Amino acid sequence: MLTFDQLCGGLEAEVSAFAICEVRQDATFVLSEDEHSAIHYVLSGTGSAWRDTGELTELVPETVMIVPPGTRLTITADPERKFNFVEPKCEPLAGGWDLLTVGDGPPGLTLACGYVHAHYMQVTKLFDYLRAPLIENVSEVKSFREPFHNLLNELAEPQPGTKVLAAMLMKQCLISLLRVQSETTGECFVPWLAALGNQSLGRALAAMLDSPEANHTLESLGNLAGMSRAAFAERFKEAFGRTAIDCLKEIRLRRAAHLLTATDLPIKTIAIRVGFESRSYFSRAFKDFAGIDPAGFRANPDSGSLKESGERDFSMSA
């Protein structure tokens with residue numbers, strides 16, 4: 001099965017539409033999303049959160065909540081936990097943020113709220129696999145708190161490169177959160193495993209992640225998975241929605257993109273290192289994938305487009 005490091009190595013994250021939400025002591029607010037997973041972080045104040053199951057969690061500063069689509073959390077800052085549902089008032093803030101104020105009473109909870117988009121390989125919307133909101137107190141988790149506050153500061157005053165830096169900081173936060181969950185529950189809750197659900201396929205995918213430059217074939221990967229060539233090809237496509245060879249190609253191109261920006265290696269060397277015998281074929285494949293040739297991408301990484309819309313969303317880092 002894939003190791004925790006391998007899972008984290010292939011993780012990518014993005015954030016968007018951040019807002020400050022003030023839930024006053026005389027108000028109750030429902031955190032509910034239909035299409036996207038949302039992240040809510042308690043900046044100050046205390047309160048309570050109820051899951052749909054009735055489970056109650058006390059909210060204190062440095063509590064993070066991830067709410068997947070189709071679920072909800074009911075939030076109140078009322079010390080007596082009374083329900084008073086109020087529509088939020090919205091006003092714009094600097095940097096493209098919004099300020100949502102719920103209620104008119106004394107200060108209660110102040111939250112930083114936004115959408116989080118997490119991907120592993122071609123499996124998109126990882127947190128959609130959660131069956132209930134995830135709540136974790138990270139007050140003692142420095143590896144989450146510091147990058148998250150840096151993320152908020154970066155988004156509050158956008159500059160060139162903010163989008164890329166924000167994604168890096170969010171990835172760091174999510175890895176830290178995954179590690180905390182793994183330590184507290186005894187297992188890694190990485191949701192994409194629900195889509196895979198097969199240790200045999202995991203061994204084949206681990207081999208592609210560990211050694212993308214190797215001469216992998218459907219037959220060799222099937223052998224790792226303990227399946228025939230045909231059975232492996234069918235099971236892999238059922239689990240991931242793409243063929244194993246398409247997956248391998250994109251892993252190689254993701255690794256190449258990293259090497260182009262993180263090293264000074266010649267393009268031909270990079271092509272060989274990620275499993276392409278021909279520089280010309282590598283250049284054509286990379287341009288088709290990123291929208292720009294390797295040299296242009298190295299000169300200006302922001303000019304490429306490594307992620308297309310829809311289901312094509314493989315992610316790979318070194």
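Our subject is the structure listed above.
Q: Is there a simple way to think about the pattern of salt bridges in this case?
A: Between side chains of opposite charge, a pair can form as their charged atoms come close. Per the counting criterion, the structure on display carries 6 salt bridges. In this structure, E22 engages R24 in a salt bridge whose closest nitrogen and oxygen atoms are separated by 3.3 Å. The partner of K82 in a salt bridge is E80, with the nearest N and O atoms 3.1 Å apart.

Q: Before we go on, may I ask you to explain the nonpolar core in this structure?
A: Side chains of a nonpolar character, in soluble globular proteins, are inclined to be buried together. Counting 31 residues, the largest nonpolar core has F18, I39, F144, F148, L151, M170 and L174 as the members making the most contacts within it. When residues of this core are traced back to their parent elements, those giving at least two are strand 1 (11-23), strand 3 (38-44), strand 6 (63-67), strand 10 (109-120), helix 2 (142-156) and helix 3 (162-185). Sequence-distant contacts of F148, defined by excluding residues within four places in its chain, comprise F18, I39, Y41 and C173. Among the nonpolar cores identified, the runner-up in size contains 18 residues, and V23, F29, L31 and M65 belong to it.

Q: I tried to follow unusual backbone geometry on my own but got confused; where do I start?
A: Among all residues except glycine, the phi angle is most often negative; among peptide bonds, the trans geometry is most common. If you check the backbone angles, A17 has positive phi at about 50 degrees while not being a glycine. Within the element layout of this structure, A17 appears in strand 1. Residue classification places A17 among the exposed residues on the basis of a relative accessible area of 55%. One non-glycine residue, R81, lies in the positive phi region at around 60 degrees. By the element assignment, R81 lies in the loop between strand 7 (72-76) and strand 8 (89-92).

Q: Before we go on, may I ask you to explain the packing of helix 8 (residues 244-262) against helix 10 (residues 279-290) in this structure?
A: Helix-helix packing: each pair is described by the crossing angle between the helix axes and the interaxial distance. The contact between helix 8 and helix 10 brings their axes to 11 Å, and the two run at 95 degrees. One element, helix 8, and the other, helix 10, form an angle in the roughly perpendicular class. Note on element contacts: helix 10 touches helix 8 through Y281, F282, A285, F286 and F289, opposite K249, E250, L253, R254, A256, A257 and L260. Classifying every residue of the contact of helix 8 with helix 10 gives 9 nonpolar, no polar and 3 charged.

Q: How should I be thinking about the state of the cysteines in this particular structure?
A: Working definition: the covalent bond between the sulfur atoms of two cysteines is a disulfide. Applying the stated criterion to the full structure yields 0 disulfides. With no disulfide of its own, C90 lies closest to C21 among cysteine sulfurs, the gap being 9.9 Å. No disulfide involves C113; its sulfur sits 4.9 Å from the nearest other cysteine sulfur, which is in C21. In this structure C113 comes out as buried when scored by relative accessible area, which is 10%.

Q: Would you take a moment to explain the packing of aromatic side chains for this structure?
A: How two aromatic rings sit relative to each other is given by the distance of their centres and the angle of their planes. Summed over all chains, the structure comprises 12 aromatic pairs. Pairing F232 with F236 gives two aromatic rings, centres 5.6 Å apart and planes at 50 degrees, and the pair type is tilted. Taken together, the residues span about one helical turn, with F232 and F236 both in helix 7 (residues 229-240) at a distance of 4 residues. Classification of F232 by relative accessible area gives buried; the value is 0%. A network of ring pairs unites the aromatic residues F18, Y41, W97, F144 and F148 as a single cluster.

Rules of the game
- Per chain, the residues get numbers from 1 upward, laid out in the order the sequence is written.
- Only residues with pLDDT of at least 70 get local features here, since the model is predicted, and only at 80 or more are side-chain atom pairs given and counted; chain-wide, interface and lining totals rely on the full set of residues.
- Side-chain metrics rest on all non-hydrogen atoms present in the structure, leaving aside hydrogens and water.
- A pair is scored as a salt bridge if a Lys or Arg side-chain nitrogen falls within 4 Å of a carboxyl oxygen belonging to Asp or Glu.
- Buried Ala, Val, Leu, Ile, Met, Phe, Trp, Tyr and Cys residues form a nonpolar core when they are joined through side-chain atoms within 4.5 Å.
- Relative accessibility under 20% of the residue-type maximum defines a buried residue, over 50% an exposed one, and the middle range a partly exposed one, all with a 1.4 Å probe and only protein chains included.
- Helical segments are the DSSP runs of H or I of at least four residues, strand segments are the runs of E of at least two, and each set is numbered from the N terminus.
- Working rule for contacts: check all heavy atoms of both residues, and any pair within 4.5 Å makes them a contact.
- Between N-to-C directions, angles cover 0 to 180 degrees, with each direction set by a line fitted to C-alpha atoms, over the stretch in contact for helices.
- When describing relative orientation, an angle under 35 degrees is termed roughly parallel and one over 145 degrees roughly antiparallel, while 65 to 115 degrees is termed roughly perpendicular and anything else oblique.
- In this classification, the charged set is Asp, Glu, Lys and Arg, the nonpolar set is Ala, Val, Leu, Ile, Met, Phe, Trp, Tyr, Cys and Pro, and all remaining amino acids, among them Gly, are polar.
- We call a pair of cysteine sulfur atoms a disulfide whenever their separation is within 2.5 Å.
- Only the six-membered ring of Trp is used, alongside the rings of Phe and Tyr, when aromatic pairs are assigned; centres must lie within 6.5 Å, and planes under 30 degrees apart are stacked while those over 60 apart are edge-to-face, with the rest tilted.

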